[in-house]
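Summary of the model geometry
What follows is each chain in one-letter form.
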Amino acid sequence: YYNSERSIIMNNNTIPEMLSAKEVSEILKIGYVKTLDLMKYGKIPSIKLGNTYRTSREVLTNWINDGLKQ
């Protein structure tokens, strides 16, 4: 089940909700292909699951905040 932070609770462990490249592109308001390239080449921290790249909302937020600090 989900908690208030939209994280999955499994066996008393919290697993963050994973965002797809499409969801990330909508959040960042940039193209899907550009987002996929950023995730594929490690500019946006992500993991590859099958044929898709995923990142958590927390990791994406931290990545944006780090970029704003530069």
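A few words now on the environment of I27. Here I27 lies in helix 1 (residues 21-28). For the pair formed by I27 and L60, sequence separation is 33 residues and the distance between their alpha carbons is 9.7 Å. Among all residues touching I27, those that are not within four sequence positions of it are L19, R57 and L60.

We now examine the packing of helix 1 against helix 3 (residues 57-69). Packing of helix 1 against helix 3 brings their axes to within 12 Å, and their N-to-C directions diverge by 40 degrees. On the basis of the axis angle, helix 1 is oblique to helix 3. Here helix 1 runs over helix 3; the crossing is right-handed. Within the contact between the two elements, helix 1 uses V24, I27 and L28 and helix 3 uses R57, L60, W63 and I64. Across the contact of helix 1 with helix 3, the residue classes break down as six nonpolar, no polar and one charged.

Sheet architecture is open: three strands sit in the order 3-5-4, paired in antiparallel fashion. Edge strands, defined here as strands with exactly one partner in the open sheet, are strand 3 (18-20) and strand 4 (47-49). Shown here is a sheet whose adjacent strand axes are inclined to one another by a mean of 45 degrees, direction ignored. Where strand 4 lies against strand 5 (residues 52-56), three bridges are found, and the strand directions are antiparallel. What sits directly across from I47, in strand 5, is R54. Running at roughly 85 degrees to strand 3, helix 1 makes contact with strand 3 and strand 5 of the sheet. Contacting strand 3 and strand 5, helix 2 (residues 32-40) runs over the sheet at an angle of about 80 degrees to strand 5.

Calculation criteria
- Residues numbered from 1 in each chain as written.
- Predicted model: local features only at pLDDT ≥ 70, side-chain atom pairs only at ≥ 80, totals over all residues.
- Heavy atoms only, no water.
- Helix = DSSP H or I, 4+ residues; strand = E, 2+ residues; numbered from the N terminus.
- Contact = heavy atoms within 4.5 Å.
- Axes fitted to C-alpha atoms, helices over the stretch in contact; angles between N-to-C directions.
- Parallel < 35°, antiparallel > 145°, perpendicular 65-115°, else oblique.
- Left-handed = near helix turned anticlockwise from the far one by under 90°.
- Nonpolar A, V, L, I, M, F, W, Y, C, P; charged D, E, K, R; others polar.
- Pairing = 2+ DSSP bridges.

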